[in-house]
Amino acid sequence: MTENLMYKMDGFASLLKERIPSSQYELLDSISSIANSNGVALYLVGGMVRDILLSIPYTDPDLCIEGESTDFVELLSQELTGNVIAQSDFGTAKIELNGTIVDFAIARKEKYQYKGALPEVEKGTIIEDLSRRDFSINSMAVSMNLRNYGELIDPNNGRLDLENRVIRALHPDSFLDDPTRLLRAARYAARLGFTLDIETKEWMTNSLNILKDISGDRIRHEIEHILGENQAVNILSLAEQLGILDSIYPSLRIPFELGKSAAEFGDHRDIALLSMLAYSLPPSHSKSFIRRLNLGRHWAKIVTDSHRVLGLIRELSSDLSSSEIHALLSDLHDTAICVGSLYTEPPVSDRLKLYIEKLRDIKISLDGQDLLNMGVPQGALVGTILNELLVAKLDGYIITEADERETVYRILKDS
Ligand code: CTP
């Protein structure tokens, strides 16, 4: 048993104090005092409890209230000069207090009208709230109430599963109730290096079919989460092995070895991975894949452009000048081209690299105004000459600004 999992019930109060930075601890302490003096039962829940027990960095605190949250959130934002950022019909609220974003939710129980529907929500107890959650490791709470401050509430043995490094869903219908949990299971397993409980894995397999009924927005939202994770490639690869990717879109794959190179894309790592997913599909599927995930403009362009690179393979294999390569690729997203260079063989891959490493940065010095000042008449000719200059520069016929000017005067003389 790891050291921090050995804490006794009353020891969690000291564990919180030890793990939470003091400014945030003081904030939680103030929230807890206000809750206690107003008769509100307050609990720390979900990911923060899990991550504190694992001794790993956690994101912003999630708090759960038994009873009514609206008045309490108002009261808090007044007493602690906070800022209510969002409030929803489900009784959840996001409030910014002294620079920390705190999520509040009313303890609730959920009913699903049909499998995969968004839940109908009713107020419930903290135990009911924990029991509607996805995995045992996410279904623990720590009491912030005077009567039992620091008590770990763990109705689903999450602590034991943390210790055994297991992702375990709480009941056989969990993934049918909410199929996005299929992706969440892969996300937590790969992020934490945990294994999937055998029964949970069976429940997942039996629920794969229902992913086809889930809206593109909900799936995209989960994919966005995954692409933002450090372990994104491992998560996608596990999702592929479990048949989840295929159930989202037939034949969707992540090439594991290439995927690892996505780290080299730095801030563009997420779209590089999206592009790799797109490259796994036939180009004719662009539109339907974009529709399936209801992708926004930027992401849709990555998918389309990846497929356009595939569509250019024949042309890119023939003898081409630098300006011809530039003309084929200049409208396409750089990341889609870069990823394309990993997917293709020479000479295509070399040409894609040449574009990224050199051609895309070649610019001419003169602009339209310079041309007008040199006596080019206003109109289409300006654009034509600018293009001719770029072609000449790309192909190495001109180098300096003086060369460009000389070319313009020559064209004017000849026309
Ligand atoms: N939850 C759930 N089913 C979902 C989504 C969320 O049961 N489909 C519950 C889980 O108990 C989770 C909590 O809601 O702990 C908060 O969800 P979220 O913010 O997505 O996850 P965190 O636990 O905060 O974990 P992380 O952000 O680290 O992924």
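Our structure is the block above this text.
Please read all numbers here as calculations on a predicted model, not as lab measurements.

## Details of the pattern of salt bridges
No. 1: Across all of its chains, the model carries 23 salt bridges by this definition.
No. 2: Here E222 makes a salt bridge to R187, at a shortest N to O gap of 3.9 Å. One end of the pair, E222, is in helix α10 (residues 216-227); the other, R187, is in helix α8 (residues 180-192), with 35 residues separating them in the sequence.
No. 3: Residue classification places R187 among the buried residues on the basis of a relative accessible area of 5%.
No. 4: Between K260 and E257 there is a salt bridge whose closest N-O contact spans 3.5 Å. Placement of both K260 and E257 in helix α13 (residues 256-260) is noted, with a separation of 3 residues, approximately one turn of the helix.
No. 5: Judged by relative accessible area, which is 45%, K260 ranks as partly exposed.
No. 6: The structure contains a network of salt bridges with shared partners spanning R187, R191, E222 and E229.

## Quick notes on the sheet that holds strand β8 (residues 141-143)
Within a sheet, neighbouring strands are paired by backbone hydrogen bonds and run either parallel or antiparallel to one another.
No. 1: The 7 strands lie next to each other as β3-β4-β5-β2-β1-β8-β9, forming an open sheet whose pairing is mixed. The sheet is open, and its two edges are formed by β3 (83-87) and β9 (152-153), each paired on a single side.
No. 2: Sheet strands touched by helix α3 (residues 47-54): β1 (41-45), β8 and β9. Its angle to β1, the strand with the most contacts, is close to 55°.

## With respect to the layout of surface pockets
No. 1: If you add up the space inside the largest pocket, you get close to 1700 Å³.
No. 2: Surrounding the largest pocket, 45 residues form its lining, D62, R133, R184, Y188 and H225 being those nearest its centre.
No. 3: Counting residues per element, the lining of the largest pocket draws most heavily on α8, at 6 residues.
No. 4: Looking at the lining of the largest pocket, its residues break down into 15 nonpolar, 10 polar and 20 charged.
No. 5: A volume near 170 Å³ is recorded for the second largest pocket.
No. 6: Residue lining of the second largest pocket: E264, F265, C338, S341, L342, K353, I356 and E357, and that is the complete set.
No. 7: Sorting the residues of the lining of the second largest pocket by element identifies α19 (334-343) and α20 (348-357) as the ones contributing at least two each.

## A closer look at the pairing of strand β2 (residues 62-66)
No. 1: Judged from the 4 bridges that link them, β1 and β2 form a sheet pairing that is antiparallel. Its bridge partner being in β2, L42 is matched across the sheet by I65.
No. 2: Note that β2 and strand β5 (residues 100-106) share 4 bridges and pair parallel. Pairing of D62 across the sheet is with D103, part of β5.

## Topic: the nonpolar core
No. 1: Counting residues in each nonpolar core, the largest one holds 106 residues, and the members touching the most others are I31, F72, F104, I244 and I248.
No. 2: Leaving out residues up to four positions away in the same chain, F72 has contacts with I31, I34, A35, V40, L42, I65 and F104.
No. 3: Counting residues in each nonpolar core, the second largest holds 11 residues, with L366, L389, A392 and I398 among its members.

## Quick look at the packing of α8 against α10
No. 1: Following both chains from N to C, one finds α8 and α10 inclined at 10°, their axes separated by 9 Å at the closest point. When the interaxial angle is binned, α8 and α10 end up roughly parallel. Here α8 contributes T180, L183, R184 and R187 to the contact with α10, which in turn contributes R218, I219, E222, H225 and I226.
No. 2: Tallied by class, the residues present in the contact of α8 with α10 amount to 3 nonpolar, 2 polar and 4 charged.

The rules behind these values
- Residues numbered from 1 in each chain as written.
- Predicted model: local features only at pLDDT ≥ 70, side-chain atom pairs only at ≥ 80, totals over all residues.
- Heavy atoms only, no water.
- Salt bridge = Lys/Arg side-chain N within 4 Å of Asp/Glu carboxyl O.
- Helix = DSSP H or I, 4+ residues; strand = E, 2+ residues; numbered from the N terminus.
- Buried < 20%, exposed > 50% of the residue type's maximum accessible area, 1.4 Å probe, protein only.
- Pairing = 2+ DSSP bridges.
- Contact = heavy atoms within 4.5 Å.
- Axes fitted to C-alpha atoms, helices over the stretch in contact; angles between N-to-C directions.
- 1 Å grid on protein atoms, 1.4 Å probe; cavity = no way out; pocket = protein on both sides within 12 Å on 5 of 7 lines; lining within 4 Å.
- Points joined across faces, edges and corners; volume = space filled by probe spheres on them.
- Nonpolar A, V, L, I, M, F, W, Y, C, P; charged D, E, K, R; others polar.
- Core = buried A, V, L, I, M, F, W, Y, C linked by side-chain atoms within 4.5 Å.
- Parallel < 35°, antiparallel > 145°, perpendicular 65-115°, else oblique.

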